[in-house]
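Observations on the three-dimensional arrangement
Each chain is listed here by its residues.
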Amino acid sequence: DIMSYQCLATSLKNLIIKKKKKIHYIRLQNKFETKTRSTVSVREGQGVVLLCGPPPHVGDLSYAWTFNDNPLYVQEDNRRFVSQETGNLYIAKVEPSDVGNYTCFITNKEAQRSVQGPPTPLVQRTDGVMGEYEPKIEVRFPETIQAAKDSSIKLECFALGNPVPNISWRRMDGSLLPGKVKYSKSKAILEIPNFQQEDEGFYECTAGNLRGRNIAKGQLIFYAPPEWEQKIQNTYLSIYDSLFWECKASGKPSPYYTWLKNGERLNPEERIQIENGTLIITMLNVSDSGIYQCAAENKYQIIYANAELKVLASAPNFSKNPIKKVSVVQVGGDISIECKPIAFPRAAVSWKRGTENLRQSKRVFLIEDGSLKIYNVTRSDAGSYTCIATNQFGVAKSTGSLVVKAERTVITIPPSKMDVTVGESIVLPCQVSHDPSIEVVFVWSFNGDIIDLKKGVTHFERIGGESAGDLMIRNIQLNHSGKYMCTVQTTLEILSAVADIIVRGPPGPPEDVRVEHISSSTSQLSWRPGPDNNSPIQIFTIQTRTPFSLGWQAVSTVPEILNGKTYNATVVGLSPWVEYEFRVVAGNSIGIGEPSKPSELLRTKASVPVVAPTNINGGGGSRSELVITWESIPEELQNGEGFGYIVMFRPVGSTTWTKERVLSVESSRFIYRNESIIPLSPFEVKVGVYNNEGEGSLSTASIVYSGEDEPRMAPRGTSVQSVSASEMEVSWNAIDWNRNTGRVLGYEVLYWTDDSKESMIGKIRVSGNVTVKNITGLKANTLYFASVRAYNTAGTGPSSTPVNVTTKKSPPSQPPANIAWKLTNSKLCLNWEHVKTMENESEVLGYKILYRQNRQSKTHILETNNTSAELLVPFEEDYLIEIRTVSDGGDGSSSEEIRIPKMSSLSSRGIQVLEPSVHFLPVVLVTFYSFAIQSLI
C-alpha cells in the first residue's frame, strides 16, 4: 500500500531532474461485521477488555466508545482507558454502574470518514465479588520504537487490577524525564513532543496497587531523515576554469551522497573527482554545462539539491560595461577609470592615451582588474583614454575622456562646537569655495543619520545660497545634542566637517521616589536623580500634597538645603494622621525641571492633638442653661482617630471645674443644663481637644454668661402719632430693669390695622435704650394699632397696651400747572395756578420750588404759601426748575422740569426739558417764608 514513485522533468534544453516520493494509500470499509457481539459477563471488582474489532482499513485510525444511549464518548479516568493502538476499551475494575451496552466508533481523519460497530453488552455476574489482585498490564508499548526527529511519540501503558492500579513512568538510565512530556488524565499515555536525540533511551512503565506491581519496558531509538546544511548554487564559469561544489546534509544514520547530471548518475573520470558531497571538474568545456543534482540519502529518505552550471566562451564585449564617457578630476587629485569587459575566458587589458600606448609609471598604474589609476593628476593628463580587451576569441575597445579642473572644493567656514540652552535657535555654518562649473550638494547628518530636509523635518531648516549649506535649528531640544556632520558632495570629491552640539536644559524628573519611614510629623524619603540634561543638578526640592492642600507645596527638610548630590532627606513639620504624597523636583543653572512621579499615598502616624479651639463664646439659651460655642478644629489638625472636644467650666470665683466630653468631631456647641444655675451668671470656660492618643491643649479661659429669663415688665407711656400719609412715629418709656425683672437688650414694635383683627402685620426691633421708632411704608388715611415689648436672649416680654392713630390723607396727585416765567437780568419771576385737591387728598399748605444749574447736581429749594415767587440768581448758564405741592400727607407730584436759558429779558409760558428725568437726593428742609433759599443737603 506504500509505494515509491520517481518524477523525471525534462526541459527544452534536455535538462532532466529526478525526484522520488512515497505515496500512502488510505482506505476504510463502510461497515463492521454485522454479527451480533457476545455478551461479556464479569464479577464486580474484576477487570475486563472490550474488543473493538475494526473493519479492514488502510491508514491511521482514532477510536472512541459510547455507553448505552449517551451521545457523549466514554471519558478516560483511572479505571477506564481506550487504546489508540488496539482500539479496545479497558476497565481496570468493574463497578455496578458499568453494566450496559458499549459501542466502538472508528474515524479515519485522512479519509474524513467514521463508522461504528455493533454494541457489546456487559453484564455483572451474580456468583460473588472479585477479590483484590495485583496489577496485570494489558496495554504495553513495543520493546523497540523508531522515533523520527521532531515527531511526537506516544507510549501506552494500562493495567487491570483491584484496587485500581496507579501508573508511573521513568527513564531506566536514571535521568529525569524531559520537561516537555505530557500525560493523559490517567497517566496511561506518555507523550514526548518534538522528539530529539537526547530523548533516545529506555523507558519503563510501572503499574502498582496494594497487592503488588507490574512493569513494561521499551527502547526509543532516534532517527532523522536527511536535512540540508549546505546546498549547491547556480554557477557561471569561463571555459578552462575549474568547478568546485560541496553539499552537506545531517541525518541519522548519516546520509551518503550521489551526484547526477541532467538526471543521470555522474561517475568519477579523468577531469571529474567525486568524494562524499564534493564535486570537482577541472578544465571546463562547454559540454560540461547542465543541471546538476546532489542527492543525500539514508534508510528513511532521499533529498536533492539542484544547481545549473554554465560554461561560457565569448570574445570581449563592452556593450554592458563601457568605459565612462567623461571622467572629471581636479588638479592634484586621483582618478580611477574602470575597464570591465565581458569575456570568457578573461581578457587581457591594455590602455592607450590618444594614439599612444600607456605604460605604468610612478603616477600611472594598471590595476589587476583592468582599471587605470592616475595619482596627482596634472593638466597634461587630460585627453581620451582607450581600454583594449583581448582573448582567443577576439578583441574589443572602449574609449572615454578625462577632464581636469583647476580649482579644488574647500570648506571655508565649517560648523563649530556649540554649547546652547534648550529652546534657543542656532545656525551651523557650512560654506565652501569651489569651481563654478561644478555643482555642489550639501548633506547634513545627525549622529550618523541623514537629515531629510525635503520632508520638512521639525526644527531643521537649510539656509544659505549656492555656496552655503548652513543648517538652522529652531527651538532646539535636549534630544538634539550630538554630532552634526556637513557633507559636501561634487562629481569629483566628497568633503565633510563635524561639530558637536551640547544642548543644556533643566534636569529631568527624579526617579524612584520612596518613603523609607514615616512618623507622626516626619518622613524619610529617598530618590534617584533623573538626567541632568548636560548641566549638573544643583538643588533638589521636596513637595507634598494632601487632601486638604491647594495643590503641591514645598516643605521643610533636614538637611535644609538639598544639594545635587543629596538623594535622601527627612521631611519635617508634617501634620499627624494626614495622608501625604511626596514628589521631588530638581534644579540646575538652567532652571527647574519637571517633578518626579508622586510617591505612594501614606498616612502619618497619630499623636495627641496640639491645636486648641478658638473663639470661645456662648451665652443665651433658656433658663438653667449654659450655652458654650467654639470654632471646630479642621480634620487635618485632629491628629488621629477618636477625635472630640473637652469642655471645662466653673462659676466665676469657684475653684472646681466641671468637665464634659463632646464626641462629635463636627460639634461647635455644647449646652449644659442644671436647675441650680442662676440666670445670667458668669462662668469661666475652657475648651480642649482629645483623640485616641490622649488629651491635647486647652484654650485660654473665656467668660460666658448663663441663660436668662425673658423680660417680665411691659414698657409704659406708649404713644403714636401720624407723620404723613405713609409714616407714623411710635414712642415709649424705657424700662428700668434689674436681674429680677429680666435684662432688656432692646425693644420690639408691633403694628397692625383694624382690618387684620389684631393679627400682626409688622414687627420692627431696635436695640439698646432707643425709645422712639418711625414706621414707614403705611397706607394713607388708615387706622393703625401699635404696641411695644422688651426682648433679650431668652425671648420677648409682655406687650404694652395698644395705641392707635390714623395716617394722614394722601398728598395731592395733581402737579402745579400753567407755569409762566420772566427773566430780567438776574431776577426770575414765576407764576402758576393753585392746585385743587380731591376729597381723599390732603389740603395744599404751600409749594416747593426746586432749582439747579444745568451742569450741577446740587439742588436748592424755596418754599412759599403763594402761587408766585421771585428768584435772584446769577445766570451763568441754564437753570432747571420744577414746582411741587406741600401737604400734611407729604409732598405731592412735581411739575415737568423747566429749562431757563442763559439769556436776559426773556419770558415764556414754559419750556419742556427734553432730557432724561432727573433723580434727586433726599432732602431735609427748614421751612421759612419771604422767599428763603436753601441748598439741598
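The name that an unreviewed UniProt entry assigns to the protein chain is Contactin 6, with the source organism given as Loxodonta africana. Check the Subcellular location (unreviewed entry) section of the UniProt entry for the protein chain; it says "Cell membrane".

1. Concerning a nonpolar patch on the surface
Together, Phe365, Ile367 and Tyr375 give the surface a local cluster of nonpolar side chains, amounting to about 240 Å² of exposed area. By the secondary structure assignment, Tyr375 is in the loop between β38 (372-374) and β39 (383-391).

2. Focus: the UniProt feature "domain: Ig-like" (unreviewed entry) in the protein chain
Taking the numbering used here, the UniProt-annotated feature "domain: Ig-like" (unreviewed entry) corresponds to residues 30-116, 135-216, 226-310, 316-403 and 408-496. Across residues 135-216, the secondary structure splits into 0% helix and 55% strand, with the terminal C-alpha atoms separated by 12 Å.

3. Quick look at the state of the cysteines
Applying the stated rule across the entire model yields five disulfides. Across a sulfur-sulfur distance of 1.9 Å, Cys157 and Cys205 are joined as a disulfide pair. Because the sign of the S-S torsion sets the handedness, a value of about -75° for the bond joining Cys157 and Cys205 places this disulfide among the left-handed ones. Of this pair, Cys157 sits in the loop between β15 (153-156) and β16 (158-162) while Cys205 is found in strand β20 (residues 201-209), placing the two residues 48 residues apart along the sequence.

4. Points about the pairing of strand β21 (residues 212-230)
Where strand β14 (residues 144-148) lies against β21, five bridges are found, and the strand directions are parallel. Looking at β21, one finds that Thr144 is bridged to Gln219. In the sheet, β20 pairs with β21 via nine bridges, with the strands oriented antiparallel. When the bridges of β21 are listed, Thr206 appears paired with Ile215. Here four bridges tie β21 to strand β24 (residues 248-252), and the two strands are oriented antiparallel to one another. Its bridge partner being in β24, Ala224 is matched across the sheet by Lys252.

5. Section: the sheet that holds strand β64 (residues 669-673)
Here three strands make up an open sheet; going across it, the order is β60-β61-β64 and the pairing antiparallel. Among the strands making up the open sheet, the edge pair consists of β60 (614-618) and β64. For this sheet the average axis-to-axis angle between neighbouring strands, irrespective of direction, equals 20°. The pairing of strand β61 (residues 625-631) with β64 spans five bridges and is classified as antiparallel. Paired with Glu625 across the strands is Arg673, a residue of β64.

6. Here we look at the pairing of strand β58 (residues 579-587)
β58 sits mainly inside the fold: eight of its nine residues count as buried. Where strand β53 (residues 539-545) and β58 come together, seven bridges link them in antiparallel fashion. If you follow Arg545 over to β58, its bridge partner there is Glu581. Relative to strand β59 (residues 602-603), β58 runs antiparallel, the two being bridged by two bridges. Pairing of Glu579 across the sheet is with Arg603, part of β59.

7. Details of the environment of Phe105
Its place among the elements puts Phe105 in strand β10 (residues 100-108). As a C-alpha pair, Phe105 and Val503 span 398 residues in sequence and 78 Å in three-dimensional space. Residues within four places of Phe105 in sequence aside, it is in contact with Ser62, Tyr63, Ala64, Thr66, Tyr73, Val115 and Gln116.

8. Side note on the UniProt feature "domain: Fibronectin type-III" (unreviewed entry) in the protein chain
The UniProt record marks residues 509-607, 612-709, 714-810 and 811-905 with the feature "domain: Fibronectin type-III" (unreviewed entry), using the residue numbering of this structure. Within residues 509-607, the helical portion is 0% and the strand portion 42%, while the C-alpha atoms at the span's ends are 34 Å from each other. Regarding residues 612-709, the helix share stands at 0% and the strand share at 50%, and the terminal C-alpha atoms are separated by 32 Å.

9. Some details on unusual backbone geometry
Residue Pro253 follows Lys252 across a cis peptide bond; omega there is -5°. As for its position among the elements, Pro253 is in the loop between β24 and β25 (256-261). Positioned with a positive phi, Asn262 is a non-glycine residue whose angle comes to about 50°. Along the chain, Asn262 turns up in the loop between β25 and β26 (264-265). Using a relative accessible area of 18% as the deciding quantity, one classes Asn262 as buried.

10. A closer look at the nonpolar core
Within the largest apolar cluster, 22 residues are counted, with the highest numbers of intra-cluster contacts made by Leu243, Trp245, Trp259, Leu279 and Leu309. The set of elements that each furnish at least two residues to this core consists of β23 (243-246), β25, β28 (278-281), β29 (290-298) and β30 (301-312). Considering each element in turn, this core owes the most residues, five residues, to β30. Apart from residues lying up to four places away in sequence, Leu309 is in contact with Thr235, Leu237, Leu243, Trp245, Leu284, Asp288, Ser289, Gly290 and Tyr292.

Calculation notes
- Residues numbered from 1 in each chain as written.
- Predicted model: local features only at pLDDT ≥ 70, side-chain atom pairs only at ≥ 80, totals over all residues.
- Heavy atoms only, no water.
- UniProt positions renumbered as here; feature names shortened; annotations may be inferred.
- Patch = residues over 30% accessible without salt bridge, like charges linked within 9 Å, V, L, I, M, F, W, Y side chains within 5 Å.
- Areas by Shrake-Rupley, 256 points an atom, 1.4 Å probe, with all protein chains shown as cover.
- Salt bridge = Lys/Arg side-chain N within 4 Å of Asp/Glu carboxyl O.
- Helix = DSSP H or I, 4+ residues; strand = E, 2+ residues; numbered from the N terminus.
- Disulfide = S-S within 2.5 Å.
- Pairing = 2+ DSSP bridges.
- Axes fitted to C-alpha atoms, helices over the stretch in contact; angles between N-to-C directions.
- Buried < 20%, exposed > 50% of the residue type's maximum accessible area, 1.4 Å probe, protein only.
- Contact = heavy atoms within 4.5 Å.
- Core = buried A, V, L, I, M, F, W, Y, C linked by side-chain atoms within 4.5 Å.

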